[in-house]
Amino acid sequence: PNQTMALELFGIDSNRGMGANRTNLRAGGRLWPADVADLQQKLHASRQQQQKDKKPRLRAIVCHHAFTSTGLLNAQPLAPQSVTDLLQLAHQFDVAVILTGHTHDFEERDYVDPKSGHRTWELRSASTVQMDPQPDPQGFWVHVLECNAGRLTWLAYRYQLNAQKSGFVQRQYPVTVR
């Protein structure tokens, strides 16, 4: 039978760390250190609450900037140190997924902590329907989360716009996050 669980979403501003830079031509991102510290406090509080109430939790971080870029002239990703900071927190506090965007293309990549073996996924969403169908895939993710017999599962299905079929088509296999 299904059990109750909690989904906790934590957001972080990936523009604020750029500071007063007036020129950010390709819109790169960087985290502000105070925001990273605040996120760490919130994740710690979540873990303490879980120890108290014993409720299974799936945690995700939402960050506008993606971890990588598809080319030099395209929208730029999050700064490498910011990616490292986010992944360290994700591994430390059992964050399953970091949801990103910004580059308008899909990406799915798992990052494994070499020390603990903890796995965190980056799931990047393309633009959904920003304009007429383009050669590059537009679309979105559909997330299915379940708790059965204390076991948490998270499946993510990619839906892409298909101009020939006049609608969105589900990719054949999901990403198994947990």
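Above this note sits the structure.
A few points on the structure.

Calculation criteria
- Residues numbered from 1 in each chain as written.
- Predicted model: local features only at pLDDT ≥ 70, side-chain atom pairs only at ≥ 80, totals over all residues.
- Heavy atoms only, no water.
- Helix = DSSP H or I, 4+ residues; strand = E, 2+ residues; numbered from the N terminus.
- Expected span 1.5 Å × (residues − 1).
- Buried < 20%, exposed > 50% of the residue type's maximum accessible area, 1.4 Å probe, protein only.
- Contact = heavy atoms within 4.5 Å.
- Pairing = 2+ DSSP bridges.
- Axes fitted to C-alpha atoms, helices over the stretch in contact; angles between N-to-C directions.
- Arc of directions from axis to C-beta.

1. Concerning helix α2 (residues 80-92)
Point 1. The terminal C-alpha atoms of α2, which comprises 13 residues, lie 18 Å apart, in line with the 18 Å expected from a rise of 1.5 Å per residue.
Point 2. Within α2, burial applies to Ser-82, Val-83, Leu-86, Leu-87, Leu-89, Ala-90 and His-91.
Point 3. Structurally, α2 contributes buried residues whose contacts are with β1 (6-12), α1 (33-53), β2 (57-63), β3 (95-100), β4 (107-112) and β5 (119-124).
Point 4. The positive-phi residue at the C-terminal boundary of α2 is Asp-94, with phi of around 55 degrees.

2. Considerations on the sheet that holds β2
Point 1. Within the open sheet, the 5 strands sit side by side as β1-β2-β3-β5-β4. Their pairing is mixed. Since the sheet does not close on itself, it has two edges, and those belong to β1 and β4, each with one partner. For this sheet, the mean inter-axis angle between neighbouring strands, taken without regard to orientation, is 20 degrees.
Point 2. Examined bridge by bridge, β2 and β3 share 4 bridges and lie parallel to one another.

3. Regarding α1
Along an α-helix, residues three or four apart share an orientation, since each turn contains 3.6 residues.
Point 1. Relative to the 30 Å expected for 21 residues at 1.5 Å per residue, α1 spans 30 Å between its end C-alpha atoms, a close match to the ideal helical length.
Point 2. Listing the buried residues of α1 in full gives Asp-35, Val-36, Leu-39, Leu-43 and Ser-46. Projection of α1 onto a plane perpendicular to its axis shows the buried side chains occupying an angular sector of 100 degrees, all on one side. In α1, the exposed residues that point more than 90 degrees away from the buried face are Pro-33, Gln-41, Gln-51 and Lys-52.
Point 3. Against β1, β2, α2 and β3 lie the buried residues of α1.
Point 4. In the segment just after α1, Lys-54 is the residue with positive phi, at about 60 degrees.

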